[in-house]
Amino acid sequence: MSTSLKASFASKSANLKKDVEGLLAAHGNTTIAEVTVSQAYGGMRDIKCMVTETSSVDPQEGIRYRGMTIPELQAKLPKAPGGSQPLPEAVFWLLLTGDVPTVGQAAEVTAAWRANEVLPDHVRSTLDSLPVETHPMTQLSIGILAMQTDSIFAHRYREGMPKAAHWDAMYDDVVLLLGRMPVLAAYIYRRTYKGGRHIAPAADASLDWSANLAHMLGFEGEEFRELLRLYLSIHADHEGGNVSAHATHLVGSALSDPYLSLAAGMNGLAGPLHGLANQEVMRWLVGVKAKLGGGVPTKQQLETFVWNTLNSGQVIPGYGHGVLRVTDPRYLAQREFAMRYLPDDENFQIVKMLYEVVPDILMKQGKAKDPWPNVDAHSGVLLVHYGLNEYDFYTVLFGVSRAMGVLASLILDRALGIPLERPKSVTTDWVKKKVASVLAPS
Ligand code: NMX
Ligand code: MLT
């Protein structure tokens, strides 16, 4: 499974490893962050205590993959013929190496992934043994774990693989896993919602990863393909501290193979404060329409509905963020797509109206630190427009994309030889004593 991506990664990561070793030798004891009591109890928000190379999120600007904003990705990464959205395959290359790949290099990733698009029989039968009403994210996690029987990393570790070879085995596993993620997602979709009438991967082996996923889900047409290319590109990574990335990294630090690690990340993504919010947004929006008699509600009706949701102790899904303090640029990229392809769509009208209504209300309520929409506030309406109405499935698509980012980081973790993650926890009693000693030093 030797590709030019693997060779490029080998030399880049070797240089980075040297760099990091030098940094640690010269400045290992330099303090880069401190921790307050609020942070220790408050979800460790903003504590700079982990390193992730693939991307970073600025509160005022949003995501950059290896320094590139979403508009820059759209301008500079290879696209499908005639398309205007980046290919996720190119995103993966960029995340892993920091380089913008050529069209040929992106095609090489497509070929490597598409060579692995077969689900083993036991994975299918494991999924088929679950009740069809099992949540698609539960099925995704089980499907990933069922594939662990094929882990090259686990196999080679048992055989006594040396530490220097960890990244190599991890890389090979990731190629296999990313090749299978769309097939797994499509299998879950078709068994859950389409009576198990599965669709084989496209005969054209050069068809890109997203277009092939669209095909296996049962959707043809260039617009939907472009939507998936955008969707799978922008959901891939959001630095290292988000729940899915952090969980994957944490579990991987025990030298768990990528199947075990990714399943952990996907279980985190399945939470309503994280990736499941994309399903919750659509469920909430459908609820608004049903309660208000269908069609596009008035602004005043929407305001009342938003207040009712807040007053009943629920969050407004799709709004707020742990890091961002502006409208998520991933939201804006999807809004731009909607303006271009579905400007008159009824649900898009409501999403636009919510953008005018919700931030003011959240600011008036005064609790949320970020009143602006995040990525999940927009994705559902785009999918519904093309007929993908089954909103419980949406987080699976998020997961297919997120797998690229978290697995790229996992390969990097092993290449850098990052050790077991094991922060120190303390008790409330310890915190009280610490505070007392700070206030009244002896
Ligand atoms: N609606 C109502 N209340 C909110 C919202 C919201 N959208 N966002 C934050 N708050 C509340 C939050 O529940 C907390 O209340 P309390 O003090 O009663 O516990 C208070 O505001 C302070 O929270 P923050 O510090 O602003 O937010 P935090 O960093 O803890 O959480 C989220 C970030 C994203 C979990 C939170 O904004 C939220 O629950 N949003 C809705 C769910 C959502 O859209 N999640 C998707 C995030 C993106 N993703 O894909 O992962
Ligand atoms: C993500 O994409 O992971 C979410 O926006 C959540 C986060 O960054 O914390």
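Residues numbered from 1 in each chain as written. Chains lettered and ligands numbered in written order. Predicted model: local features only at pLDDT ≥ 70, side-chain atom pairs only at ≥ 80, totals over all residues. Heavy atoms only, no water.

Asks: I tried to follow the packing of helix H14 (residues 277-291) against helix H17 (residues 346-365) on my own but got confused; where do I start?
Replies: Relative orientation and spacing of two packed helices are given, respectively, by the angle between their axes and the distance between those axes. The interhelical angle for the contact between H14 and H17, taken along N-to-C directions, is 100 degrees, at an axis separation of 12 Å. Comparing their axes, H17 and H14 come out roughly perpendicular. Where H14 abuts H17, its residues Met 282, Trp 284, Leu 285 and Lys 289 lie against Glu 346, Asn 347, Ile 350, Val 351 and Leu 354. (Axes fitted to C-alpha atoms, helices over the stretch in contact; angles between N-to-C directions. Helix = DSSP H or I, 4+ residues; strand = E, 2+ residues; numbered from the N terminus. Parallel < 35°, antiparallel > 145°, perpendicular 65-115°, else oblique. Contact = heavy atoms within 4.5 Å.)

Asks: Help me understand the nonpolar core, please; the structure alone is not making it clear to me.
Replies: Phe 92, Leu 217 and Leu 388 are the most contacted members of the largest nonpolar core, which has 118 residues in total. Broken down by element, the residue count for this core peaks at 17 residues, all from helix H9 (residues 166-193). Residues in contact with Leu 388, not counting those within four places in the same chain, are Tyr 189, Leu 217, Phe 219, Phe 224, Leu 383, Phe 393, Tyr 394 and Leu 397. (Core = buried A, V, L, I, M, F, W, Y, C linked by side-chain atoms within 4.5 Å. Buried < 20%, exposed > 50% of the residue type's maximum accessible area, 1.4 Å probe, protein only.)

Asks: Before we go on, may I ask you to explain the site of ligand 1 in this structure?
Replies: The environment of ligand 1 is formed by 20 residues, the closest being His 274, Gly 318, Tyr 319, Lys 369 and Asp 376. Take Tyr 319: an N or O atom from its main chain is 2.7 Å from a nitrogen atom of ligand 1. Contact between ligand 1 and Asn 374: an oxygen atom at 3.0 Å from a side-chain N or O atom of the residue. Protein chains bury 75% of the 900 Å² of accessible surface belonging to ligand 1 in isolation. (Near = heavy atom within 4 Å. Polar contact = N/O pair within 3.5 Å; in protein donor to acceptor, adjacent residues only side chain to side chain. Areas by Shrake-Rupley, 256 points an atom, 1.4 Å probe, with all protein chains shown as cover.)

Asks: What exactly am I supposed to notice about the packing of aromatic side chains here?
Replies: Two aromatic rings, taken as a pair, are described by how far apart their centres are and by the angle between their planes. Counted by the stated rule, this structure contains 13 aromatic pairs. A centroid spacing of 6.4 Å and a plane angle of 45 degrees characterise the contact between Tyr 189 and Phe 219, whose relative ring orientation is tilted. Placement of the pair is Tyr 189 in helix H9 and Phe 219 in the loop between helix H10 (209-217) and helix H11 (222-234), with a sequence separation of 30 residues. Classification of Phe 219 by relative accessible area gives buried; the value is 11%. Taken together, the ring pairs connect Tyr 189, Tyr 193, Phe 219, Phe 224, Tyr 386 and Phe 393 into an aromatic cluster. (Phe/Tyr/Trp six-rings, centres within 6.5 Å; stacked < 30°, edge-to-face > 60°.)

Asks: What is the right way to look at the site of ligand 2 in this model?
Replies: Neighbouring ligand 2 are the residues His 238, Asn 242, His 274, His 321, Arg 330, Phe 398 and Arg 402. Here His 321 contributes a side-chain N or O atom positioned 2.7 Å from an oxygen atom of ligand 2. Protein coverage of the free-state accessible area of ligand 2, which is 270 Å², stands at 82%. Looking at the shell around ligand 2 residue by residue, the class counts come to one nonpolar, four polar and two charged. (Nonpolar A, V, L, I, M, F, W, Y, C, P; charged D, E, K, R; others polar.)

Asks: Explain the pattern of salt bridges to me, please; I cannot follow it from the model alone.
Replies: For the structure on display, the rule yields 22 salt bridges. Where Arg 191 meets Asp 128, a salt bridge forms, and the shortest distance between an N and an O atom there is 3.4 Å. Within this pair, whereas Arg 191 is found in helix H9, its partner Asp 128 is found in helix H6 (residues 121-128), the two being separated by 63 residues in sequence. Residue classification places Arg 191 among the buried positions, given a relative accessible area of 7%. Taking relative accessible area as the criterion, Asp 128 reaches 42% and is therefore assigned partly exposed. With its nearest N and O atoms 3.0 Å apart, the salt bridge here joins Arg 180 to Asp 150. Taken together, the positions of Arg 180 in helix H9 and Asp 150 in the loop between helix H7 (136-146) and helix H8 (152-158) put the pair 30 residues apart, joining distant regions of the chain. (Salt bridge = Lys/Arg side-chain N within 4 Å of Asp/Glu carboxyl O.)

Asks: Help me out: how do you make sense of the environment of Pro 88 in this one?
Replies: For Pro 88, the position within the fold is in helix H4 (residues 88-97). Along the sequence, Pro 88 and Lys 18 sit 70 residues apart, while their C-alpha atoms lie 29 Å from each other. Other than its neighbours up to four places away in sequence, Pro 88 contacts Trp 209, Ser 210, Arg 229, Leu 232, Ser 233 and Met 404.

Asks: Help me understand the side chain of Ser 409 in this model?
Replies: On the secondary structure map, Ser 409 appears in helix H19 (residues 394-416). Given a relative accessible area of 14%, Ser 409 falls into the buried group. Setting aside residues up to four positions removed in sequence, Ser 409 forms contacts with Thr 52 and Thr 54.

Asks: What is the right way to look at helix H18 (residues 376-385) in this model?
Replies: Structural remark: α-helix, 3.6 residues per turn; residues separated by three or four positions point the same way. Across the ten residues that make up H18, a large majority, nine, are buried. Buried within H18 are the following residues: Asp 376, Ala 377, His 378, Ser 379, Gly 380, Val 381, Leu 382, Leu 383 and Val 384. Buried residues along H18 sit against H11, H14, helix H16 (329-341), H17 and H19. At the exit of H18 stands Gly 387, carrying a positive phi of roughly 100 degrees.

Asks: Looking at this structure, I do not really get the packing of H16 against H17. What am I missing?
Replies: Taken N-terminus to C-terminus, the directions of H16 and H17 make an angle of 140 degrees; their axes are 11 Å apart at the nearest point. With respect to each other, H16 and H17 are oriented oblique. As for the relative orientation of H16 and H17, their crossing is left-handed in sense. Counted together, Tyr 331, Leu 332, Arg 335, Ala 338 and Met 339 of H16 and Phe 348, Val 351, Lys 352 and Tyr 355 of H17 form the full contact between these two elements. A breakdown of the residues in the contact of H16 with H17 according to their chemical character gives seven nonpolar, no polar and two charged. (Left-handed = near helix turned anticlockwise from the far one by under 90°.)

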